[in-house]
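Geometric and topological summary
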Amino acid sequence: MGQVIAAAAYCKGRKVANIDLDEGREWANKTGHFVWIGLYEPQQEELCTLQKQFNLHELALEDALQRHTRPKLETFGDALFMVLYSPCLVDGELTFIETQLFAGTGYVISARYGNSPPYSQVRQRCEARPLLLEHGEDFVIYALLSFVIENYRPLLDSFHNELEEIEQHVLKHPLSQSDVERIQTLRRNLLRLRRYIGPLAEICQELQRLEFPFIDKNMRPYFRDVSIHVKRLLEDLTGLREMADHAIEIGLLLESSRQSITQRKFAAWAAILAFPTAVAGIYGMNFHNMPELSWHYGYFGVLGLIGSGCLALYFSFRHYGWL
């Protein structure tokens with residue numbers, strides 16, 4: 001069975017009563033009142049009870065009983081059904097917790113499936129601002145939507161710090177397989193975040209255009225403000241993806257540079273060793289009539305030539321930065 005986290009009736013921006021689940025319609029029908037019901041992992045029984053009370057559309061109920069993959073907003077007459085997702089890191093794995101919202105004249109119902117941050121914080125904030133809560137259902141929708149979007153910001157900040165740490169590590173150390181796997185995990189998480197944040201921009205724009213009895217035109221600037229925050233999140237996501245791509249590029253460039261330096265050192269030492277090999281090869285041909293072959297100091301002269309040549313090549317390569 002699901003759990004009723006909170007259920008209350010409000011009038012003129014103030015809570016007037018805590019209610020039972022089967023009392024919602026009675027309070028919602030009172031002039032100037034609306035009810036706000038918060039559920040945790042409700043089952044079909046609770047949702048059917050709410051459907052009978054608030055005349056929830058059967059397609060909205062059917063939609064609520066299915067698990068979704070992306071945020072969305074659907075309208076059914078003068079009521080709306082919304083699916084939102086809050087990001088959570090569980091043992092280092094990025095997961096998304098689904099929240100379903102039903103809203104219409106006189107009621108707002110939220111159903112949370114999973115251990116995302118509780119909406120009790122949102123309720124406390126709203127009850128502490130009676131002048132805004134007096135707007136009614138539309139302000140509650142705004143507050144819940146804004147809270148969900150706020151949950152993305154700390155996650156993006158943590159990813160930003162992690163990418164900066166990776167960049168510093170890559171600048172000082174060769175790019176390892178664990179570094180590549182770590183960056184790839186971040187890139188995959190950023191793509192998943194974009195998949196869930198992107199539709200939120202469309203939802204905010206749609207809320208600004210809806211002509212519903214319970215959505216006041218004066219609340220449209222609030223939905224526009226949420227839309228601006230979503231656009232900033234999307235811009236930050238783009239920046240983080242570029243940071244992840246740059247980290248890979250920097251690592252590959254530095255690795256290529258290190259390999260080039262190593263190859264130049266090998267080439268320089270090979271050239272130095274090639275000189276005595278060439279001299280020894282010439283004098284090892286064993287021809288009878290060779291210059292200086294019978295010279296008394298020929299052996300020492302050749303050693304001196306080899307040593308001088310190797311030193312000259314060594315200092316020349318050092319001068320040009322190859323050694």
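Bear in mind the structure is a predicted one, so any value in this text is a computation, not a measurement.

**Some words on the environment of Arg129**
In this structure, Arg129 sits in the loop between α4 (120-127) and α5 (130-133). On the basis of relative accessibility, which here comes to 43%, the residue Arg129 falls in the partly exposed class. Considering only alpha carbons, one finds Arg129 and Asn18, 111 residues apart in sequence, at a separation of 18 Å.

**Some details on the sheet that holds strand β4 (residues 72-76)**
Consider a sheet: its strands pair through backbone hydrogen bonds, and that pairing is either parallel or antiparallel. Read across the sheet, seven strands follow the order β2-β1-β3-β7-β6-β5-β4 without closing on themselves; strand pairing throughout is mixed. The open sheet has two edge strands with one neighbour each: β2 (14-18) and β4. Going from strand to strand, the sheet's axes swing by 20° on average, the running direction of each strand aside. For strand β6 (residues 93-104) and strand β7 (residues 107-113), the ladder comprises seven bridges, and the chain directions are antiparallel. In the strand pairing of β7, Glu98 is matched with Tyr113. Contacts between helix α7 (residues 152-172) and the sheet are confined to β5 (79-90) and β6, with β5 contributing the most and set at about 35° to the helix.

**Remarks on empty space enclosed by the protein**
The full count for this structure, using the stated rule, is one cavity of 30 Å³ or more. As for the largest cavity, its lining consists of 13 residues, of which Ile5, Gly38, Ser110, Tyr119 and Ser120 are closest to the centre. The set of elements that each furnish at least two residues to the lining of the largest cavity consists of β1 (3-11), β3 (33-40), β7 and α4. Per-element accounting of the lining of the largest cavity gives the leading share, four residues, to β3.

About the thresholds
For every chain, the first residue of its written sequence is number 1, and the numbers climb from 1 along that sequence. In keeping with the model being predicted, local features are shown solely for residues with a pLDDT of at least 70 and side-chain atom pairs are shown and tallied solely at 80 or more, while totals for entire chains, interfaces and linings include all residues. Side-chain descriptors were evaluated using all non-hydrogen atoms of the structure, hydrogens and water having been removed beforehand. Counting from the N terminus, the helices are DSSP H or I runs at least four residues long and the strands are E runs at least two residues long. Accessible area is worked out with a 1.4 Å probe on protein chains only. A residue is then buried under 20% of its type maximum, exposed over 50%, and partly exposed in between. Whether two strands pair comes down to DSSP finding at least two bridges between them. Axes, fitted as lines to C-alpha atoms, cover a helix only where it is in contact. Angles between the N-to-C directions of the axes lie from 0 to 180 degrees. Two residues form a contact once any of their heavy atoms are found within 4.5 Å. Throughout, the protein atoms alone are placed on a 1 Å grid, and a set of points is a cavity if a 1.4 Å probe fits but cannot get out or a pocket if it is open with protein on both sides within 12 Å along at least five of seven lines; lining residues have an atom within 4 Å of a point. Grid points are joined across faces, edges and corners, and a volume is the space filled by probe spheres set on the points.

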